[in-house]
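Descriptive analysis of the structure
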Amino acid sequence: MSVTRIAVGGPVDTEPYEVLVGRQLLGELGGLIGDRAQRVAVVHPEALADTGEAIRGDLASRGFEAVAVRVPDAEEAKTAEVAAYCWKVLGQAGFTRTDVIVGVGGGATTDLAGFVAATWLRGVRWIAVPTTVLGMVDAAVGGKTGVNTAEGKNLVGAFHPPAGVICDLAALGTLPVDDYVSGLAEVIKAGFIADPAILDLIESDPEAARTPDGPHTAELIERAIRVKAEVVSNDLRESGPREMLNYGHTLAHAIEKNERYTWRHGAAVSVGMVFAAALARLTGRLDDATADRHSGVLASVGLPLTYRGDQWPALVETMKVDKKSRGDLLRFIVLDALAEPAVLEGPDPAVLLAAYAEVCTALPSAAGPEAKDET
């Protein structure tokens, strides 16, 4: 399979980089690391211990002083304590400003690896090797890195773009189906906010979209990456248009925190998008057909549509400390039409409650939402 290269730009003081999409791409890693680096830290979750060690061994055979840094799986890795452990390993290995960190795994692992790279010696180069759909189309592209706190998700972080991203589609073949489907939520999000062709491809054969062996897998992932690449190239630090990428995420992050991160990110985003669509419809901004299309396409691939009705007070309090809020003013990304995202500030609490009531009464998906996040 040929390699697709998607360029990601940024401000004048930020180095552009490429996202590589294809199969059997790990041979590209050495070139991205470059000749200046002497040491490489391969940060990987426990579930990918064999993969992390294989990459470490390959880099060692190329002459690098490579060390594997094993971290907890999924969101359990995104803590200040785990970051401090990584800093300790880097210090003991003598990491300098010219050395490189490689993050191998799902979105949680690349978020952590990027944050560690951003904070070690005030910033060292890093490379993302995402192994999940979520990691490829969302977490590894754009330079947003971070860890969670007891108060919420991604409240501590930095903008620190990678030197490159390697999306080896072969890695998706080992994903459990629930993890694969979870990542599709971010793909579908890209369809609603910018590229409706994504929705058409999924709706043409939802069952095929649920598997990495589907005929449109590469195109779906590439289209979703291009959406994010274009947005972040024009707005690295989320000062304006980049906010559109948070479609569905305000409620989603609150659900994740409320469930102590035992829900998959994509499952929470799916519910969040259904909620955002209902909110836009109730405020007269979105037509019924487009709002209803959310539930249709999400349910068709097995993503959840509902959450517990008795949790609304707790969710509201969590949303107030979301990074998109301004003071106590809640802000949501909604759609004015298909592929026309906009900001809704300070909606009437009664309208919010009505939109949430629709989420609570929607038909649940067959797959069910609860499960641990991707590695």
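These notes cover the structure that comes with them. In this text, all values refer to a predicted model and were calculated from it rather than measured experimentally.

Brief notes about the pattern of salt bridges
Per the stated rule, a full pass over the model turns up 23 salt bridges. The salt bridge partner of aspartate 111 is lysine 78, with a shortest N-O separation of 2.8 Å. Of this pair, aspartate 111 sits in helix α4 (residues 107–119) while lysine 78 sits in the loop between β4 (65–71) and α3 (80–93), and the two are 33 residues apart along the sequence. For aspartate 111, a relative accessible area of 11% corresponds to the buried category. Since its relative accessible area comes to 1%, lysine 78 is described here as buried.

Examining a nonpolar patch on the surface
A cluster of nonpolar side chains, Leu155, Val156 and Val321, forms an exposed patch at the surface whose accessible area comes to about 210 Å². The topology assignment puts valine 156 in strand β8 (residues 152–159).

Things to note about the pairing of β8
One ladder, built from five bridges, connects strand β7 (residues 144–149) with β8; its direction is antiparallel. Along β8, the bridge assignment pairs glycine 146 with glycine 157. Two successive antiparallel strands, β7 and β8, enclose a turn made up of two residues.

Some details on the nonpolar core
Val19, Ile101, Leu112, Ile188 and Phe275 are the most contacted members of the largest nonpolar core, which has 102 residues in total. Among the elements that take part in this core, helix α11 (residues 265–282) stands out by supplying 12 residues, more than any other. Formed by 18 residues, the second largest nonpolar core is a distinct cluster that contains Leu20, Leu32, Val102 and Val129.

Some remarks on the sheet that holds β4
Taken in spatial order, the seven strands make up an open sheet running β1-β2-β9-β6-β5-β3-β4, and their pairing is mixed. Two strands in the sheet have a free side with no partner beyond their single neighbour: β1 (4–8) and β4. Averaged over all adjacent pairs, the angle separating strand axes in this sheet is 15 degrees, with direction ignored. Strands β3 (39–45), β4 and β5 (100–105) of the sheet are contacted by helix α2 (residues 49–61), whose axis makes an angle of about 170 degrees with β3.

With respect to the packing of helix α7 (residues 197–204) against helix α12 (residues 288–300)
Contact geometry for α7 and α12: axes closest at 10 Å, N-to-C directions at 50 degrees. Of the possible angle classes, the one that applies to α7 and α12 is oblique. Where α7 crosses over α12, the two elements pack in a sense that is left-handed. Contacts between α7 and α12 involve Leu199, Asp200, Ile202 and Glu203 from the first element and Arg293, Val297 and Ser300 from the second. Split into classes, the residues belonging to the contact of α7 with α12 amount to three nonpolar, one polar and three charged.

Calculation rules
Residues numbered from 1 in each chain as written. Predicted model: local features only at pLDDT ≥ 70, side-chain atom pairs only at ≥ 80, totals over all residues. Heavy atoms only, no water. Salt bridge = Lys/Arg side-chain N within 4 Å of Asp/Glu carboxyl O. Helix = DSSP H or I, 4+ residues; strand = E, 2+ residues; numbered from the N terminus. Buried < 20%, exposed > 50% of the residue type's maximum accessible area, 1.4 Å probe, protein only. Patch = residues over 30% accessible without salt bridge, like charges linked within 9 Å, V, L, I, M, F, W, Y side chains within 5 Å. Areas by Shrake-Rupley, 256 points an atom, 1.4 Å probe, with all protein chains shown as cover. Pairing = 2+ DSSP bridges. Core = buried A, V, L, I, M, F, W, Y, C linked by side-chain atoms within 4.5 Å. Axes fitted to C-alpha atoms, helices over the stretch in contact; angles between N-to-C directions. Contact = heavy atoms within 4.5 Å. Parallel < 35°, antiparallel > 145°, perpendicular 65-115°, else oblique. Left-handed = near helix turned anticlockwise from the far one by under 90°. Nonpolar A, V, L, I, M, F, W, Y, C, P; charged D, E, K, R; others polar.

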